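Breakdown of the fold
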Amino acid sequence: MKTSELREPGSNALKIPAALIQIRLAASFLTVLPVSIESASEADVAASMAWFPLVGFAMGIVFALEDYALSFFFDGAVRAAIIVLSMAVLSGAIHLDGLADTADALGAGWDRVRALQILRDSRIGTFGAIALFLALALKLVALAGASGRPRIAALVLAPTLSRWALVAVSYKLEYLRDQGAGSAMLGNGSERNFTIASVIAIVAMLPLISFKIFIAYAVANGVTLAMRAFYSRWLGGVTGDLIGACGEIVEVLAIVVLAS
């Protein structure tokens, strides 16, 4: 197995498996957890994208455990509100931000230059606010009405599918920024990343497998393919916001399907 080198302050170099470095990088990109990576190669950054669904699956397990713990104190609706808040907090709301920016950029229509300018703007406009409200409301309402196995499936698999969509929607598309983590991630190893991410997403569903889960996976694939085609036609590639928007939309739809 290939290894990457990390150096701890005041210690000798430690040999750590490359996959572990990449998983830690993926966790640092997708969560607000203080994951420390002192030395990682550009190849590790690119390869870390393969493990996005694994991080999403781990997040889903955390949400399911949190929901179980809260069940001793609150009813399903209150727990749903807390879980939706936890989803935003743990991810740093980065994909919600991408959804809002993408919705605002759609207001520019087919004006590519104007759309890219809006995507760079950190402010949220009317379309962005509406998109945020709908995304959060759909998650909350869907989870509030769910219980038992469907609720567990929604909490565990929606984050997994969402993070798989981040990999799939950007697969072999041009990254429209010259700098940033996205340019390093999408520059190399896209086929390897897509293959590993897809295998992880498929394996994740096996313990909870049901007909409804097949529907959720089909919806996730369909939406991701549609958004890939739209991004390619609209702007000729992707940015971090566009990738995040796809992940957020897939997460919302997966929750709605699985929790219904």
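See above for the structure.
**Structural notes on the environment of Ile82**
In this structure, Ile82 sits in helix H4 (residues 76-90). For the pair formed by Ile82 and Leu140, sequence separation is 58 residues and the distance between their alpha carbons is 9.2 Å. Residues contacting Ile82, with those up to four places away along its chain left out, are Glu66, Leu70 and Phe74.

**Section: the layout of surface pockets**
Space left empty within the atom packing is revealed by a probe, the size of a water molecule, rolled over the atoms. Reported here for the second largest pocket is a volume of approximately 160 Å³. Forming the walls of the second largest pocket are Asp101, Asp104, Arg114, Ile118, Asp121, Arg123, Ile124, Gly125, Thr126 and Phe127. At the level of secondary structure, the elements contributing two or more residues to the lining of the second largest pocket comprise helix H5 (94-106), helix H6 (112-120) and helix H7 (126-144). Here the lining of the second largest pocket is built from residues that sort into 3 nonpolar, 2 polar and 5 charged.

**Points about the pattern of salt bridges**
Under the definition given, this model contains 7 salt bridges. Among the salt bridges present, the one from Lys139 reaches Glu248, with a minimum N-O distance of 2.6 Å. Of this pair, Lys139 sits in helix H7 while Glu248 sits in helix H12 (residues 240-259), and the two are 109 residues apart along the sequence. A relative accessible area of 4% means that Glu248 is categorised as buried. A salt bridge links Glu191 to Lys172, with the shortest nitrogen-to-oxygen separation between them at 2.9 Å. Residue Glu191 is located in helix H10 (residues 190-205), and its partner Lys172 is located in the loop between helix H8 (148-169) and helix H9 (181-185); the two are separated by 19 residues in the primary sequence. Assessed through its relative accessible area of 54%, Lys172 is described here as exposed. Via salt bridges that share partners, Lys139, Arg163, Glu248 and Glu251 belong to a single interconnected network.

Analysis parameters
- Residues numbered from 1 in each chain as written.
- Predicted model: local features only at pLDDT ≥ 70, side-chain atom pairs only at ≥ 80, totals over all residues.
- Heavy atoms only, no water.
- Helix = DSSP H or I, 4+ residues; strand = E, 2+ residues; numbered from the N terminus.
- Contact = heavy atoms within 4.5 Å.
- 1 Å grid on protein atoms, 1.4 Å probe; cavity = no way out; pocket = protein on both sides within 12 Å on 5 of 7 lines; lining within 4 Å.
- Points joined across faces, edges and corners; volume = space filled by probe spheres on them.
- Nonpolar A, V, L, I, M, F, W, Y, C, P; charged D, E, K, R; others polar.
- Salt bridge = Lys/Arg side-chain N within 4 Å of Asp/Glu carboxyl O.
- Buried < 20%, exposed > 50% of the residue type's maximum accessible area, 1.4 Å probe, protein only.

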